Every structure is written in C-alpha cells, then in structure tokens.
Amino acid sequence: KKKKKGSVEIKLSSDQFCRVLEERAEDCSHKYCIDTDADQYNLLYRNGQFLGMPTPFGGSIYPFSVDPTKPGSKGQKKQFNRAKVVCLSKDFNLKVTWGTRTSFIMEDCATKQPYTVGASGVVYVEIDTNDAARSADRFYRKCLTQRDAELFNTEELRDFLSEAFVNRVGAKIQDYLEAQNRPLSNLVGLQPSEFVKISEELFPKLKDIFADYGLT
C-alpha cells in the first residue's frame with residue numbers, strides 16, 4: 001500500500017473557523033508532515049492525547065514524530081496509531097444576540113411590589129487568548145466534536161451559545177439588580193446613558209460566563 005509522503009497544507013478558507021485533518025500512522029511515511037499557517041490555532045492530538053500547539057507561528061507538524069516540529073524515524077512512527085491536527089481561526093469573533101426567554105419576577109426592595117424583569121443585549125465572543133492552546137482545545141472539545149466541525153457554521157454556533165447561556169446571563173443580571181438595592185421603579189424608562197452605565201457595570205460579571213467553552 002502506497003504511503004502518504006511529503007507535505008500537505010491545512011488552511012482555512014475565508015468563511016471557515018475550523019478545519020480538521022486526521023491520519024492513521026499506517027497510511028503515512030515517517031517523513032509525512034502537515035504545513036500550518038500563523039493566522040490560525042494549530043492543535044495536535046495524537047492517540048487521543050492533546051499535545052498543545054507545536055507551531056504557534058505556523059510551520060510544519062510531523063504528526064508521527066516524538067518531536068512534532070522535526071522529522072521522526074520509522075521506529076518513532078510505530079509508537080503511534082492516529083494523529084489529528086485541528087485548525088481554528090484566530091480571527092474568529094462572534095456576535096451573539098441574546099434575551100431572556102421569559103420575564104422573571106423580582107420584588108421591589110422599597111415597595112415590596114412584584115415587578116416583571118426582562119433583559120436583552122449583544123455580546124462579542126472569541127477564543128480566550130490567555131492560555132490560548134487550552135482555550136482553543138476546550139472550545140473544540142465542547143462545541144465541535146459532537147458534529148461535523150468543518151460544516152458547523154457561525155449561525156449554528158451563535159444559536160448553540162445563545163441557547164446554552166441565556167439562563168446564566170439572566171441569573172447574573174438578577175444578582176446585579178439585587179446587589180444594587182435600588183427600587184425597581186427607578187429602572188422603568190431608562191435613558192440611553194443609564195443603559196450604558198449598567199452595561200459597563202455588568203461586563204466584569206459576564207466576561208467569564210463562556211469560560212467553560214474556552215471563550216471570553
């Protein structure tokens with residue numbers, strides 16, 4: 001059986017945020033490599049283990065070498081069964097529109113009267129660049145491994161994130177309002193400047209709400 005030799009390029013098209021290339025060791029030469037670009041996160045998985053980003057600035061990945069940045073030997077290749085390179089766009093930034101599905105009831109701290117409260121807004125979500133390798137791995141595992149990652153588009157991802165986090169956002173807003181200890185009647189008919197102030201005060205509380213998914 002003819003084995004794959006030389007190099008193959010893995011590159012994202014303009015409308016892609018993920019591409020996956022998986023190979024079996026028995027199908028490849030020990031000199032086989034995958035060329036990656038610097039404008040994407042290049043994640044390496046081998047025998048099911050995450051090995052980080054061997055080429056954070058782009059370059060060749062030798063998937064069946066002990067040191068994946070250098071060609072390995074035939075003997076090294078025998079240690080491994082499968083390898084997978086996952087590329088994620090560094091430019092990935094998603095606008096997520098959200099809103100509480102149903103209004104929730106809160107009691108006014110001053111009048112003790114019940115108020116129905118709802119909220120909506122927009123967040124811009126991206127892979128957390130603090131420890132980018134682990135964040136990108138978390139995003140891939142949590143969001144993309146249960147579906148065809150290369151066909152999963154931004155609209156589907158937006159819906160997935162909105163569905164997963166709308167209740168968490170509502171809970172954070174409820175906590176914020178309770179901590180204000182402010183009559184809810186004061187929040188009726190807010191001016192634009194007041195909305196901006198509330199958004200700025202809420203931002204630190206919401207910044208890490210997507211952290212389980214490697215996103216911020």
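So, how was this worked out
Residues numbered from 1 in each chain as written. Predicted model: local features only at pLDDT ≥ 70, side-chain atom pairs only at ≥ 80, totals over all residues. Heavy atoms only, no water. Helix = DSSP H or I, 4+ residues; strand = E, 2+ residues; numbered from the N terminus. Rg over C-alpha atoms; globule rule 2.2 N^0.38 Å. Buried < 20%, exposed > 50% of the residue type's maximum accessible area, 1.4 Å probe, protein only. Areas by Shrake-Rupley, 256 points an atom, 1.4 Å probe, with all protein chains shown as cover. Lys, Arg positive; Asp, Glu negative; His and termini not counted. Charge placed at Lys NZ, Arg CZ, Asp CG, Glu CD. Disulfide = S-S within 2.5 Å. Pairing = 2+ DSSP bridges. Axes fitted to C-alpha atoms, helices over the stretch in contact; angles between N-to-C directions. Contact = heavy atoms within 4.5 Å. Core = buried A, V, L, I, M, F, W, Y, C linked by side-chain atoms within 4.5 Å. Expected span 1.5 Å × (residues − 1). Bend = angle between axes of the 7 residues up to and from the residue. Salt bridge = Lys/Arg side-chain N within 4 Å of Asp/Glu carboxyl O. Phe/Tyr/Trp six-rings, centres within 6.5 Å; stacked < 30°, edge-to-face > 60°. Lys NZ or Arg CZ within 6 Å of the ring centre and 35° of its normal.

**Thoughts on the overall build of the protein chain**
(1) Moving on: Assigned secondary structure in the protein chain consists of four helices and eleven strands.
(2) Moving on: In terms of C-alpha radius of gyration, the protein chain reaches 23 Å, well past the compact-globule figure of 17 Å for 216 residues.
(3) Moving on: A buried classification covers 40% of the 216 residues belonging to the protein chain.
(4) Moving on: Accessible area of the protein chain: about 12,500 Å², with a carbon and sulfur share of 47%.
(5) Moving on: Across the protein chain, 32 positive and 30 negative side-chain charges occur, with their mean positions spaced 10 Å apart.

**Details of the state of the cysteines**
(1) Moving on: Taken as a whole and assessed by the stated rule, the structure comprises zero disulfides.
(2) Moving on: This cysteine, Cys87, is not joined by any disulfide, and Cys18 carries the nearest cysteine sulfur, 8.0 Å off.

**Considering the sheet that holds strand β1 (residues 7-9)**
(1) Moving on: Judged by pairing direction, the sheet is mixed, and its three strands sit side by side in the order β1-β3-β6 without closing on themselves. On the outer flanks of this sheet lie β1 and β6 (59-61), each paired with one strand and no other. Along the sheet, successive strands turn relative to each other by an average axial angle of 30 degrees, direction set aside.
(2) Moving on: In this sheet, β6 lies alongside strand β3 (residues 33-36) in antiparallel orientation, the contact comprising three bridges. Looking across to β6, one finds that Asp35 is bridged to Ser60.

**Observations concerning the sheet that holds strand β7 (residues 82-89)**
(1) Moving on: Spatial ordering of the open sheet is given by β2-β7-β4-β5, a layout of four strands whose pairing is antiparallel. Bordering the open sheet on either side are β2 (18-24) and β5 (49-50), each of which pairs with just one other strand.
(2) Moving on: Set on the sheet, helix α2 (residues 132-144) makes contact with β2, β4 (40-46), β5 and β7; between it and β4 the angle comes to about 70 degrees.

**Details of the nonpolar core**
Within soluble globular proteins, side chains that are nonpolar generally end up buried alongside one another.
(1) Moving on: Leu88, Phe139, Leu144, Leu157, Leu161 and Leu215 are the most contacted members of the largest nonpolar core, which has 42 residues in total.
(2) Moving on: Going through the elements one at a time, β4, β7, β8 (93-99), β9 (104-107), α2, α3 (154-180) and α4 (192-206) are the ones with two or more residues in this core.

**Considerations on α3**
Along an α-helix, residues three or four positions apart point the same way, because every turn accommodates 3.6 residues.
(1) Moving on: Here α3 contains 27 residues, and its C-alpha end-to-end distance of 36 Å stays within 8% of the 39 Å for a straight helix at 1.5 Å per residue.
(2) Moving on: At Phe165, α3 shows its maximal bend, which comes to roughly 45 degrees.
(3) Moving on: For α3, the full list of buried residues reads Leu157, Leu161, Phe165, Val166, Val169, Gly170, Ile173, Tyr176 and Leu177.
(4) Moving on: The secondary structure elements touched by the buried residues of α3 are β8, β9, β10 (114-117), β11 (120-126), α2 and α4.
(5) Moving on: The first or second residue beyond α3 is Asn181, which carries a positive phi of 50 degrees.

**Quick look at the pairing of β10**
(1) Moving on: Pairing of β9 with β10 involves four bridges; the strand directions are antiparallel. Across the sheet, Phe104 pairs through a bridge with Val117, a residue of β10.
(2) Moving on: Connecting the antiparallel pair β9 and β10 is a turn made up of six residues, with Lys112 showing a positive phi of about 65 degrees.

**Let's talk about the pattern of salt bridges**
(1) Moving on: This structure, assessed with the given rule, holds nine salt bridges.
(2) Moving on: Among the ionic pairs, Lys4 bridges to Glu23, the shortest N-O distance being 2.8 Å. Of this pair, Lys4 sits in the segment before β1 while Glu23 sits in strand β2, and the two are 19 residues apart along the sequence.
(3) Moving on: Asp212 is the salt-bridge partner of Arg168, the closest N and O atoms lying 3.6 Å from each other. Taken as a pair, Arg168 in helix α3 and Asp212 in the segment after α4 lie far apart in primary sequence, 44 residues in all.
(4) Moving on: Take Asp212: its relative accessible area is 40%, and that puts it in the partly exposed class.

**A short note on the packing of aromatic side chains**
(1) Moving on: Throughout the structure, instances matching the rule amount to three aromatic pairs.
(2) Moving on: Taking the centre distance of 5.7 Å and the plane angle of 45 degrees together, the rings of Tyr45 and Tyr140 count as tilted. Of this pair, Tyr45 sits in strand β4 while Tyr140 is found in helix α2, placing the two residues 95 residues apart along the sequence. Tyr140 matches Tyr45 in its accessibility class, with the two residues each being buried.
(3) Moving on: Within the aromatic cluster, the residues linked to one another by ring pairs are Tyr45, Phe50 and Tyr140.
(4) Moving on: A cation over a ring is seen here: Lys84 above Tyr45, with NZ or CZ 5.4 Å from the ring centre.
(5) Moving on: Against the face of Phe160 rests Arg147, its NZ or CZ located 5.1 Å from the ring centre.

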